[in-house]
Amino acid sequence: MNSPQPPLWRRAIAEFLGTCLLVTVVVGSGIAAEQLSPGNIGLQLLENSTATVFGLTVLILIFGPVSGAHFNPVVSLADWILGRRSGSGLSLPEVGIYVAAQAAGAISGSVLANAMFDVGTTISTKDRLTVGHLLGEVVATAGLILLIFALVRTSRGVLAAPAVGAYIGAAYWFTSSTSFANPAVTVGRMFSDTFAGILPGSVPGFVLAQLVGAAVGIGLLLILFPTAGRSADDVVIPHRAAVDS
């Protein structure tokens, strides 16, 4: 790298805020969709996915230069795994800080969305645990990991924000699970008994499927781009120290 990364505390704040606002977008737009289009599940999903596409894209652009805009424990974990091969990427302690910030941010995002719409923060009763949904999470997460690291390895990280937003938006529709693809977001969505919620009993299965998907994505990445780990410092997008740091 040509310049050091911002200090870890600053990156942790960026991961907290980014994940918080991401879950706020997902849950908040889900609540709005329920209220605006009652009884029309297809239209609700369209409204929810559209907001997520735009929201995620903007959040990556805002926070990417600080922390890389992971907003996702499997992305941070993959960054560490791949970076170990070349001495780059996050260290294991940094992964722990990132994941803690992401989890806290995700829960806070649900609480914030509930508060904005005057919906009580309660545990979700929406059961999503089926074999098809778990397979959907494997596919969605594998594709996400492959996309992010392939872009970085081929020096196209500038496209990460629109590409990741577009992929997640598409995966809302082509996966049966509506593409959670993120353990922190999955945990956060437990705290809203609304359109975007998930029953706590469904969470362990979803998280396990996401970890399997991440492993599949890493495997595919190493087959297609064997030296992908050399670019781990720039995941999701390059995060150099700012001039005022």
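As the structure is a computational prediction, the values presented were derived from the model and not from experiment. Here the residue numbering is sequential within each chain, running from 1 through the sequence in written order. Local features in a predicted model are, by the rule used here, given only for residues with pLDDT of at least 70; side-chain atom pairs are given and counted only at 80 or more, and totals for whole chains, interfaces and linings are based on all residues. Note that the side-chain values use all heavy atoms of the structure and ignore hydrogens as well as water.

A.B. asks: I tried to follow the overall build of the protein on my own but got confused; where do I start?
C.D. replies: A count of helices and strands for the protein gives eight helices and zero strands. Reading the protein from its N end, one meets helices and strands in the order α-α-α-α-α-α-α-α. On C-alpha atoms alone, the protein measures out to a radius of gyration of 17 Å, which is about the 18 Å that the 2.2 N^0.38 rule sets for 245 residues. Taken over the C-alpha atoms alone, the protein extends approximately 50 × 40 × 30 Å along its principal axes. The burial tally for the protein puts 52% of its 245 residues in the buried class. Partitioning the intrachain contacts of the protein with sequence separation of at least 6 by distance along the chain shows that 82% fall at a separation of at least 24. Areas reported as accessible are Shrake-Rupley estimates using a 1.4 Å probe. Residue values count occlusion only from the protein chains shown. Approximately 10,000 Å² of the protein is accessible, and the part contributed by carbon and sulfur atoms is 71%. Each charge class in the protein can be summarised by its mean position, and for the 11 positive and 12 negative side chains these summaries are 12 Å apart. Each helix is a run of DSSP H or I of at least 4 residues and each strand a run of E of at least 2, with the numbering of both proceeding from the N terminus. For this measure, only C-alpha atoms enter the radius of gyration; the expected value for a globule follows 2.2 Å times N^0.38, where N is the number of residues. A 1.4 Å probe rolled over the protein chains alone gives each residue an accessible area, and that area as a share of the maximum for its type sets the label: buried under 20%, exposed over 50%, partly exposed in between. Residue contacts are counted whenever heavy atoms from the two residues lie within 4.5 Å of one another. The sign given to each residue is positive for Lys and Arg and negative for Asp and Glu; His and the chain ends receive no count. Where a charge lies is defined by one atom per residue type, namely NZ (Lys), CZ (Arg), CG (Asp) and CD (Glu).

A.B. asks: For this particular structure, what's the right way to read the packing of aromatic side chains?
C.D. replies: For any pair of aromatic rings, the description rests on two quantities: the centre-to-centre distance and the angle between the ring planes. Working definition: rings of Phe, Tyr and Trp (its six-membered ring) pair if their centres are within 6.5 Å, and the pair is stacked with planes under 30 degrees apart, edge-to-face with planes over 60 apart, and tilted otherwise. According to the stated counting rule, one finds three aromatic pairs in the structure shown. When the ring of Phe-180 is compared with that of Phe-206, the centres are 5.1 Å apart and the planes differ by 70°; the resulting orientation is edge-to-face. Of this pair, Phe-180 sits in the loop between helix 6 (160-174) and helix 7 (183-188) while Phe-206 is found in helix 8 (residues 203-224), placing the two residues 26 residues apart along the sequence. Judged by relative accessible area, which is 0%, Phe-206 ranks as buried. By definition here, charges over rings are those cases where NZ of Lys or CZ of Arg is within 6 Å of the ring centre and within 35 degrees of the ring normal. Sitting over the ring of Phe-180, Arg-189 keeps its end group 3.6 Å from the ring centre.

A.B. asks: Would you explain helix 6 in this entry?
C.D. replies: Structural remark: α-helix, 3.6 residues per turn; residues separated by three or four positions point the same way. Take the residue count of a helix, subtract one, and multiply by 1.5 Å to get its expected span. Over its 15 residues, helix 6 extends 20 Å from the first C-alpha to the last, a length consistent with the 21 Å expected when each residue adds 1.5 Å. Among the residues of helix 6, Ala-160, Ala-161, Val-164, Gly-165, Tyr-167, Ile-168, Gly-169, Ala-171 and Tyr-172 are the ones counted as buried. Each element contacted by the buried residues of helix 6 is listed here: helix 1 (8-36), helix 2 (41-67) and helix 5 (131-153).

A.B. asks: Hey, could you run me through the packing of helix 5 against helix 6 in this one?
C.D. replies: Packed helix pairs are specified by the crossing angle of their axes together with the interaxial distance, meaning the distance between the axes. Interaxial angle, 0 to 180 degrees, is taken between N-to-C directions of lines fitted to C-alpha atoms, where a helix line uses only the stretch in contact. Between helix 5 and helix 6, the least distance of the axes is 11 Å, while the angle of their chain directions is 165°. One element, helix 5, and the other, helix 6, form an angle in the roughly antiparallel class. Every pair of crossing elements has a handedness; the one defined by helix 5 and helix 6 is right-handed. Taken together, the residues of helix 6 that come into contact with helix 5 (itself represented by Val-139, Ala-140, Gly-143, Leu-144, Leu-147, Ile-148 and Leu-151) are Ala-160, Ala-163, Val-164, Tyr-167, Ile-168 and Phe-174. Note on terminology: angles under 35 degrees are roughly parallel, angles over 145 are roughly antiparallel, angles of 65 to 115 are roughly perpendicular, and the others are oblique. Each helix crossing is assigned a hand: it is left-handed if the near helix lies turned anticlockwise from the far helix by less than a right angle, otherwise right-handed if that turn is clockwise.

A.B. asks: I tried to follow the nonpolar core on my own but got confused; where do I start?
C.D. replies: One recurring pattern in soluble globular proteins: nonpolar side chains tend to sit buried together. Ile-60, Phe-71, Ile-145, Ile-148 and Phe-149 are the most contacted members of the largest nonpolar core, which totals 46 residues. Among the secondary structure elements, those contributing two or more residues to this core are helix 1, helix 2, helix 3 (73-83), helix 4 (92-116), helix 5, helix 6, helix 7 and helix 8. For this core, the leading source of residues is helix 5, giving eight residues. Setting aside residues up to four positions removed in sequence, Ile-60 forms contacts with Pro-65, Ala-69, Phe-71, Ala-160, Ala-161, Val-164 and Ile-237. Nonpolar cores are built from buried Ala, Val, Leu, Ile, Met, Phe, Trp, Tyr and Cys residues. Side-chain atoms within 4.5 Å join them into one set.

A.B. asks: Would you explain the side chain of Ser-202 in this entry?
C.D. replies: By the element assignment, Ser-202 lies in the loop between helix 7 and helix 8. Nitrogen and oxygen atoms within 3.5 Å of one another constitute a polar contact, given that in protein one can donate a hydrogen and the other can accept it, and given that sequence-neighbouring residues count only through two side-chain atoms. Here Arg-128 takes part through its backbone nitrogen, which lies 3.1 Å from a polar atom of the side chain of Ser-202. Only 3.3 Å separates the side chain of Ser-202 from the backbone nitrogen of Leu-129, close enough to count as a polar contact. In this view, Ser-202 contacts Lys-126, Asp-127, Arg-128 and Leu-129; residues no more than four positions away in its chain are not counted.

A.B. asks: Would you mind showing me how to read the environment of Leu-90 here?
C.D. replies: Locating Leu-90 in the fold gives a position in the loop between helix 3 and helix 4. With a relative accessible area of 3%, Leu-90 lands in the buried category. Those residues in contact with Leu-90 that lie beyond four places of it in its chain are Arg-11, His-70, Ser-76, Asp-79, Trp-80, Val-95 and Tyr-98.

A.B. asks: Is there a simple way to think about the packing of helix 3 against helix 5 in this case?
C.D. replies: Relative to each other, helix 3 and helix 5 sit at 55°, their axes nearing to 11 Å. It follows that helix 3 is oblique to helix 5 by the angle criterion. Here helix 3 and helix 5 pass one another in a crossing that is right-handed. Residues Val-74, Val-75, Ala-78, Asp-79 and Leu-82 of helix 3 form the contact with helix 5, whose own contacting residues are Thr-141, Ile-145, Ile-148 and Phe-149. Think of it as three bins: nonpolar holds Ala, Val, Leu, Ile, Met, Phe, Trp, Tyr, Cys and Pro, charged holds Asp, Glu, Lys and Arg, and polar takes everything else, Gly as well. The class makeup of the residues in the contact of helix 3 with helix 5 is seven nonpolar, one polar and one charged.

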